[in-house]
Amino acid sequence: MSKIEISAQDREFMRQAIRLSAESVANGGGPFGAVVVKDGKVIAGRSNSVTLDNDCTAHAEVNAIREACRVLGTFDLSGCDIYTSCEPCPMCLGAIYWAHISRIFYAADRSDAAAVNFDDDFIYQELDKPLSQRSTPLIPILRDEALKTFQAWEAKSDKTAY
């Protein structure tokens, strides 16, 4: 991969994400912020609201992606960039990939988060383990019944692919 030049505009977008993280801490939320940008314009900016919303999925990146999808009226954020105050956790990284976001800019990294008791690295380590060795068991059940739904999806002529 070629070296990506960081512009003054990139730095300003990241500062917006960092400001959102600081505001979140001041308001009782977690220390994370994210902005989604398209064509040089901020489309969405949100902070972590896990404890405020009692929603373990309400990370800054997920909140910003949800807002950007609403604003743009699409689930496909191709052509957008995300600026996040910390390296995305595996859940957020998955959401970023599902949204087809083009580039991810981050400030602090997962070791910085772990140093203040946000141990996202634990999940990264779990994902590297075989299913049988993970700390939370994954137990297959009723696969044949579930496959019928996939077959119905595959046969559907008017589906919206994603």
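On a predicted model such as this, the values are computed, not experimentally measured, just so you know.

Undergrad: Would you mind going over the packing of aromatic side chains with me for this structure?
TA: Within a pair of aromatic rings, the relevant descriptors are the distance that separates the centres and the angle that separates the planes. Tallied over the entire structure, the rule returns five aromatic pairs. Ring centres of Phe32 and Phe118 lie 4.9 Å apart, and the angle between their planes is 85°; this geometry places the pair in the edge-to-face category. Of the two residues, Phe32 sits in the loop between helix H1 (8-26) and strand E1 (33-38) while Phe118 sits in the loop between helix H5 (110-115) and helix H6 (120-128), which places them 86 residues apart along the sequence. Take Phe32: its relative accessible area is 12%, and that puts it in the buried class. Note on Tyr83 and Phe105: the rings are 4.4 Å apart at their centroids and 5° apart in plane angle, and the pair reads as stacked. A residue pair is termed long-range when its members are at least 10 positions apart, and Tyr83 in strand E3 (residues 80-86) and Phe105 in strand E4 (residues 103-108) qualify at 22 residues.

Undergrad: Could you clarify how one ought to interpret unusual backbone geometry in this entry?
TA: Leaving glycine aside, a negative phi is the common case for residues, and trans is the common case for peptide bonds. Its identity is not glycine, yet Asn54 carries a phi of approximately 50°, on the positive side. Here Asn54 lies in the loop between helix H2 (50-53) and helix H3 (60-72). Look at Asn54 and you get exposed, because its relative accessible area is 72%. The phi torsion at His100 lies on the positive side, around 65°, for a residue other than glycine. The topology assignment puts His100 in the loop between helix H4 (90-98) and E4. His100 sits in the partly exposed class, given a relative accessible area of 36%.

Undergrad: Is there a simple way to explain the pairing of E1 in this structure?
TA: The two faces of the sheet receive side chains in turn, since in a regular strand these alternate between them. Of all six residues that make up E1, five are buried, and the element is covered over most of its length. Hairpin connection of E1 to strand E2 (residues 41-47): two residues between the antiparallel strands, including Asp39 at a positive phi of 50°. With five bridges connecting them, E1 and E3 associate as antiparallel partners. Within the sheet, the bridge partner assigned to Lys38 lies in E3 and is Cys80.

Undergrad: I'm lost on the pattern of salt bridges in this one. Help?
TA: Between side chains of opposite charge, a pair can form when the charged atoms approach closely. As enumerated under the stated definition, the model contains seven salt bridges in all. Ionic pairing is found between Arg46 and Glu67, a salt bridge with its closest N-O pair at 3.9 Å. Taken as a pair, Arg46 in strand E2 and Glu67 in helix H3 lie far apart in primary sequence, 21 residues in all. Using a relative accessible area of 29% as the deciding quantity, one classes Arg46 as partly exposed.

Calculation rules
Residues numbered from 1 in each chain as written. Predicted model: local features only at pLDDT ≥ 70, side-chain atom pairs only at ≥ 80, totals over all residues. Heavy atoms only, no water. Phe/Tyr/Trp six-rings, centres within 6.5 Å; stacked < 30°, edge-to-face > 60°. Helix = DSSP H or I, 4+ residues; strand = E, 2+ residues; numbered from the N terminus. Buried < 20%, exposed > 50% of the residue type's maximum accessible area, 1.4 Å probe, protein only. Pairing = 2+ DSSP bridges. Salt bridge = Lys/Arg side-chain N within 4 Å of Asp/Glu carboxyl O.

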